[in-house]
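Descriptive analysis of the structure
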Amino acid sequence: MFSNLRSIWIVFLHMFHKRETVLYPEEKAYLPPRWRGRIVLTRDPEGEERCVGCYLCAAVCPVDCISLQATEDEHGRRYPEFFRINFSRCIFCGLCEDACPTDAIQLIPDFEMGEYHRQNLVYEKEDLLIDGQGKVQGYNFYKVAGIDAGVKAKGQGANEDKPVDIKKLMP
Amino acid sequence: MIENLEYIGMVLAIMLALVLIAAGLIWLERRMLALWQDRYGPNRVGPFGVLQVTADMIKIFFKEDWIPRFADKKVFVVAPAIVMITILLSFAIVPFSPSIGVVDLNIGILFFLAMSSLGAYSVVLAGWASNNKYSLLGAMRGSAQMISYEVFMGLSLMGVVILTGSFNMRDIVLAQRGVWFVIPQFVGFIIFFIAGIAEAHRLPFDIPEAESELVAGYHSEYSGMKFGMFFVGEYLGITLISALITTLFFGGWLGFHFLPPIVWFLIKMFGFILVFILLRASLPRLRYDQLMSLGWKILLPLSLVNILITGAIVLYLNNR
Amino acid sequence: MSMTNILIDNVPYAVDGSKNVLAASLSLGLNLPYFCWHPALHSVGACRQCAVLKYKNAEDTKGKIVMACLEPIADHLRISIEAPEARQFRAGNIEALMTNHPHDCPVCDEGGECHLQDMTVMTGHNCRRYEFKKRTHTNQYLGPFVNHEMNRCIQCYRCVRFYKEYAGGKDLDVFASHDDVYFGRHEEGVLESEFSGNLVEVCPTGVFTDKTLKKHFTRKWDLTDAPSICHQCGVGCNIIASERYGSIRRILTRYNGDVNGYFLCDRGRFGYEYVNSPQRILAPAIKGDCALANASPEQAIRQISAIIASGKKMIGIGSPQASLESNFLLQQLVGPAHFYAGIPRAEGKLIRRVITLLKNGKVRTPSLAEVKDFDAVFVIGEDVTNTAPMLALNLRQAAKKGPVELVKAMHIPEWNDAAVKDIVQGTTGLFYIATPHHTALDEIATRTYHAHPDDIARLAYAVAQHINAFSSIAGASSSTADAHSPDAGTTANPDADFEALSKSIAAALLAAKKPLIVSGISLYSEALLDSAASITNALKDQAKDPGLVFIVPEANSIGLVMLSDQFLEDAYEKEEPDEDEKPSQADEDTAILLENDLYERTFKGQTDLFLRRQKNIIVLDSLENATTRQATHLLPAATFAEADGTLINNEGRAQRFYQVHQPDNAVRSSWKWLQELQSAASSEPNVPPSASTHFDSILQSLVREFPELTAITTLAPAAGFREGTQKIPREPHRYSGRTAMHANVNVNEPQPPEDADSALSFTMEGYAGVPPPALTPFYWSPGWNSVQAINKYQIEVGGPLHGGNPGKRLFEPSNIPAAILTPNIPAPFTPTPGEWLVLPLYHIFGSDPLSALSPGIKERIPQPYIALNDSDADKTGILEGHYVEVLLNGQKQRLPVKLHTGLPPGTAGLPKGLAATAGLQFPFSTTINSGNHD
């Protein structure tokens, strides 16, 4: 009984406390760089698309709002033919960023994506691709992968030996 | 003839004022809750957000007035009207000031108790007609709660009646010119206050519409203006209970002369409305069995003891 | 099967005593990692991955590490899979294998269905501690089917063991030494084997991947799959067809222990791309004043049903490519008297003969899988590798059967592949081939005989005769044998070689436990069929257990002929006004053509004449061809990828295939079109489609008309079947992109299509366990993402599926041979000077016109040529590669000459099914002009 009265009193005293609300459009809150907002596709240090179309982001997406089709250029370099995110379904969980093996897909601290038409929330690759490396600097997947996709020849990678000469007979 | 017109005018004005107050309470409650929770509440529509209610009303009027296929249509439509009508009728006996008031009934309190009993039908019928298990559960709880709490709500007022010797509301107000009944009838006041909250099914006694358990209780299936009637009905209920507490225990319109009586009445009434809101902001909901045991095991005996003691004292003083 | 009690991790199990520990453990559902072992390739112990701890006895606590795949099951064997030593050994082994595995998974096509990934996760290895550089290899171009990425190799040797030893390929091998070993060709180039595509499934990681999939790559989990049947030949292999974004992405083997097992030929695996062809007919079209113009389905149905309802004379021509249901509904629409099987009479009569021999003969026809168990083979007149490729693969296994039986007698288990190989030393069993020309199987043959089909038939009859003669020597009932055997005089051949050959074949077939005779209709000779049947009958009389396999050309050849005995020529001739009361109205006729390009079937002139007489030519087809260009009304028919249906293969096995996806255009099953036409043409136009619109009710009315097909209603669970309350999902539970894949069109997701015709759903929601075998759209099991998850769908690894292998045999021998087999021995072939008898030459890539439209297959199709006998060519001075003028069907064509094909004198060979040879009816005589202009 007393505790009830006490809580009423404590709540009453809150009348004289400062309000916590940030009045959003007039005041902007600080968002840290790792805030999970709008999704972008980044480029590698050479300025080429980082995405290799591995489908892991699409697979891990709990609302299945990522769809893409992988294709290859004449050097055998994989890239997405199209890459579509339906932001009207996105829950900004960031699992795609976690799953991405090439650091291509990244979430940035921008959440102001309001639209009057849901259709405008469907972002294609052209809308997603940015001209920078985002949070991860200096990584180029094709330099460390085993395949030759026109970025480095077989055996030219930092952790690779020269291709085996299968005709040599030395033990 | 002119008197009659004036009278009808006054009645209509009271009704309009009440509905407006009830609607305004929606805004007031949201603002006050926000204040006590260190927020702002609605502050975008109009100055201080007062037009929020207008916006809400426009929205609620334009919403589809949908009746579920599986509902009992006639009863479903009638139920929300009952709550509005009974509560508005109850206001008939409230003396807002010496000159303002609908009717001066000599059985004022009994009329109020009768009307509030009828209010239970609204809950039961709404729940039943919705043909939905959550609605029905809410209605069952609501009817049990209202019937239980009515018993000692009436009993708690008997102390006031004994002291006044009349059921007439104006008599009761005039009888408090010396001392407000809240002093001699403190126990009665507390019991009536608790019963009033339960009667208006407000937090912490909003068990019939407990949204965390029952979706929205008896009005789960209601939308549009029918829902709006339940909603406004609830706020009218708060206003009614506050007005009655003011009248029965806090001297009604009585006050110092620098303000007109109606203002005193409104100040007191709004004070209690704010207490209602404060309770909502601070207390958690009771469990159903706690509610029932509180009513039957504590408040009912307490109110009976209150009548006994009041009666004994009055008898003793009168016979001395 | 002897059951043996063993202890695994101190739990007692009863297992098949003839197995090894790995196979037994996997059959029990235990997870034991492995790489080099394969249920069809058996054990060599190369990868050291399936290590387990083996204890001496119940008291032994230390145990020793052994390889499960090389450990025979013995009574009271006690092993441990979970012992820390064994686990550590396996984790260490994976770590060693992974030291050189590249960082490729995101761009590797195997990722997500990689056996190496699965096994790595299973052992728990997750971080490369080896700090030195990775070994690299250069890759090779291996042709249009298989992509090579040698860096990923883990040296399990499965590829060469399959390619060289199982499939008899010559051009894939292992090179270099120690940890530099290289699996590839001696030089870049197209992999020659017809079974190279199986490397994709056999390779546990991404060294060999599907090049056609690579062009439109999709991960396994994103594919909508359906259980289907290959339509590319008459064998009826089970396949999994997969779709994404409206196009078919790849074909995988669907395991069926009775049919194709773990493998598939390249035509079946890579021939699917015609489904995505730009030549697909996607909308109905109606001929206006000059050209075909697209129309809405409703418009087309209205116009065509008006024609049907007008009651004019109407004929229907079915197709051996279309399902039983489509053919049946066309037959119902036009009436049985006006329905014609859409194949030339010569072919139809032969297929009818095959059915008669299978149904009324003495001898059971083995299933494709059973072929592997025969220990002597006699191929009569079939180039099996090109007419029924998967049969050729299994015949190669049959050729090993004899030697392997000998090894088994030495108490070496068959699964011990390395030991078996050491003893067999590449010898093959009794294998005889009689064909007009060299075939790929010649290399494993004991003897070959290349001659004209008539001479082949004479050889076969002679063999039958010898078998009967052997019995009379042995004192058996010679009188009965004589009664059925051909007159001795007629096969008498002055050639002593011929005599010796036929005797040795007869002796070999008699010596074998299970002799198998393979024949077919590819040479259009009834004598070949009859002679093959007379050999098996003779063997049966000798109390042997022979098998008789006939090869038919197309996916539903048998089913079509079971529905109708009227053929194309009957249709063409009937069009001549005869008993019809309105002879002058012949040109008022309507022909409905079902998925059939008549220009492929009959001479152009003949076909033109027929089509010109038709006022309305209603064509249901999937791809533009010469016939669709003649159509007045064209309806877009589904390929196997968009249709449900039933096919009957060469064995008489009825099998169901299912729609993979619901296309977003007007394409639908032929039987759906026909149904709509029928209901629209019926007297009451506004009758809503009744329950008969569903697939199962078509089956019901089909078996009412054809009671001998009753088994087809039991091929698979009906459309109302539910596993619990759920349908079987076509999509894996990890299917992605559902809320984005259509968002470019409309952000509101469309409702997924519903499948009213089968118990499969087009979504990922539904039953997650092992579905009924006929409804299994894909293989997946927790921890097993690769195709090897099939282990979990089999009762025991390599054995039948849970619930039995799907498909139902329609024919069992009923033993009334006297009535059907009257020997009809042809005269020996004598060449006519100046004339050549042209025989069809079959090509796995090219002889099937549909798969030939796939870009990958197109690269492998031979250029048109004419094959000549070497001595004939010598006489006329023609050299290999010279162009000669050939009179084909009244038209002169210049074709390059190919020699050294083994063709007998007086015959020539032309590739069948190429555009240049379309409509030719083999065999025919022609003249060849060597031409003076070269």
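These remarks concern the structure in this document. Bear in mind that the values here come from a model prediction, so they are computed numbers and not experimental data. (Residues numbered from 1 in each chain as written. Chains lettered and ligands numbered in written order. Predicted model: local features only at pLDDT ≥ 70, side-chain atom pairs only at ≥ 80, totals over all residues. Heavy atoms only, no water.)

Another aspect to go through is the sheet that holds strand β3 (residues 78-86) of chain A. Residue and element names in this part refer to chain A. Judged by pairing direction, the sheet is antiparallel, and its three strands sit side by side in the order β2-β3-β5 without closing on themselves. Sheet topology places β2 (66-72) and β5 (122-123) at the edges, where each strand pairs with a single neighbour. Here two bridges tie β3 to β5, and the two strands are oriented antiparallel to one another. Pairing of I85 across the sheet is with Y123, part of β5. (Pairing = 2+ DSSP bridges. Helix = DSSP H or I, 4+ residues; strand = E, 2+ residues; numbered from the N terminus.)

Counting from both sides, the interface comprises 12 residues of chain B and, opposite them, 15 residues of chain A. Here chain B meets chain A over a buried area of about 1400 Å², counting both sides, of which 61% is carbon and sulfur. For the chain B face of the interface with chain A, the top three residues by lost area are B:W36, B:D38 and B:Y40, together amounting to 44%. Scanning the region where chain B abuts chain A turns up one salt bridge. The closest approach of N and O atoms between B:R44 and A:E26, which form a salt bridge, is 3.1 Å. The interface formed by chain B and chain A holds four residue pairs in polar contact (both at pLDDT 80 or more) in total. No other element matches the four residues that helix α10 (residues 261-282) of chain B contributes to the side of chain B that touches chain A. (Contact = heavy atoms within 4.5 Å. Buried area = accessible area lost by both parts, 1.4 Å probe. Salt bridge = Lys/Arg side-chain N within 4 Å of Asp/Glu carboxyl O. Polar contact = N/O pair within 3.5 Å; in protein donor to acceptor, adjacent residues only side chain to side chain.)

The next point concerns empty space enclosed by the protein. Residues and elements named next belong to chain B. There is about 230 Å³ of room inside the largest cavity. What lines the largest cavity is a set of 20 residues, among which I87, M146, E199, A200 and G237 lie closest to the centre. Contributions of two or more residues to the lining of the largest cavity are made by α3 (73-90), α4 (108-130) and α9 (224-249). Here the lining of the largest cavity is built from residues that sort into 11 nonpolar, seven polar and two charged. (1 Å grid on protein atoms, 1.4 Å probe; cavity = no way out; pocket = protein on both sides within 12 Å on 5 of 7 lines; lining within 4 Å. Points joined across faces, edges and corners; volume = space filled by probe spheres on them. Nonpolar A, V, L, I, M, F, W, Y, C, P; charged D, E, K, R; others polar.)

Attention now goes to the nonpolar core. Residues and elements named next belong to chain C. Formed by 133 residues in total, the largest nonpolar core has its most connected members in L391, L395, F431 and V518. If you tally residues by element for this core, the top one is helix α12 (residues 389-409), at seven residues. For V518, the residues in contact, after removing those within four places along its chain, are V377, F378, V379, I380, V384, L391, L395, V549 and I551. (Core = buried A, V, L, I, M, F, W, Y, C linked by side-chain atoms within 4.5 Å. Buried < 20%, exposed > 50% of the residue type's maximum accessible area, 1.4 Å probe, protein only.)

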